[in-house]
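Here's the letter readout for the chains.
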Amino acid sequence: MVNPTIMKGSNAGYWNDERCFYSHKSVCKKAKEVLPASTQSSGDCGVGWYTQSHSCYRFVSDPIQWADAEQQCNVLGGNLVAINDNVEQAFISSKLAAFGSGSWYWIGLSDTESRNQFTWSSGEPVTYTHWGDGQPDNENDDCIGANTGADAGLWTALHCNWTMSYICEKTRPGFTKPPIDIPYPQIRLMMAVLQDGSVTAATASW
């Protein structure tokens, strides 16, 4: 009998044969699922918007610079999208998968205010990331775009003055955006900084 192949974590993914009756963890793979377009309800998010949970999302194909995209989202009553968990990321990825590979859509993450300190344009805390391989590479101005096509949803650092399509997010009418759970290590860091007195909550960046 041919021994199955395993990947050894201690050797960074290299393959090794192993006896079949040994117990190991496993890795599964399934085809990427493209979800059908969300339906619109009268008086909800409005024409051109997708509804998901407490938010409305608009995918705008007109390419503009990151700052201009944020301004356009402001005009529409929201901000560039802030992706706060894997459920929201899966929704965004399912939409981007339908577009051709090799392009990006601006999201609301950037380090324009402080180098290598990424913040959401909406002011929400950064509690989740979905970087592509080697990202962020710290070579660009680091406004963040989400990939389309085969790598749909992975985040890439781009020059802020490049012109890209973009995704707006606004709160769904009649809904209140729930509070974001901040990871415990970040809470401890916040408490330590505030107790130290050297940084205020208004200026701290996590």
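For the structure, check the block above.
Notes on the structure follow.

Overview of helix α2 (residues 86-96)
For α2, the tally of buried residues reaches eight of eleven residues, placing the bulk of the element in the interior. Along α2, the residues classified as buried are E88, Q89, F91, I92, S93, S94, K95 and L96. For α2, the elements touching its buried residues are β3 (50-52), β4 (55-64), β6 (104-110), β8 (143-147), β9 (155-158) and β10 (164-171). Capping the start of α2, D85 holds a side-chain oxygen 3.1 Å from the backbone nitrogen of V87, two or three residues further along.

Brief notes about the state of the cysteines
Considering all chains together, one arrives at three disulfides under this definition. For C45, the disulfide goes to C56, at an S-S distance of 2.0 Å. Handedness of the C45-C56 disulfide follows from its S-S torsion of about -75 degrees: it is left-handed. Here C56 lies in strand β4 and C45 lies in the loop between β2 (15-17) and β3, a separation of eleven residues in the sequence. C56 carries the same exposure label as C45, and that label is buried. Numbered by position along the chain, the disulfide-linked cysteines of the chain connect as 1-2, 3-6, 4-5.

Remarks on the nonpolar core
The biggest cluster of nonpolar side chains holds 22 residues, and the ones touching the most others in it are I92 and I107. Breaking this core down by element, the ones donating at least two residues are β4, α2, β6, β8 and β9. If near-sequence neighbours (up to four positions away) are discounted, I92 is found in contact with Y57, F59, V81, I83 and I167. Residues C56, L80, W106 and M164 belong to the second largest nonpolar core, which totals 15 residues.

What counts, and at which threshold
- Residues numbered from 1 in each chain as written.
- Predicted model: local features only at pLDDT ≥ 70, side-chain atom pairs only at ≥ 80, totals over all residues.
- Heavy atoms only, no water.
- Buried < 20%, exposed > 50% of the residue type's maximum accessible area, 1.4 Å probe, protein only.
- Helix = DSSP H or I, 4+ residues; strand = E, 2+ residues; numbered from the N terminus.
- Contact = heavy atoms within 4.5 Å.
- Polar contact = N/O pair within 3.5 Å; in protein donor to acceptor, adjacent residues only side chain to side chain.
- Disulfide = S-S within 2.5 Å.
- Core = buried A, V, L, I, M, F, W, Y, C linked by side-chain atoms within 4.5 Å.

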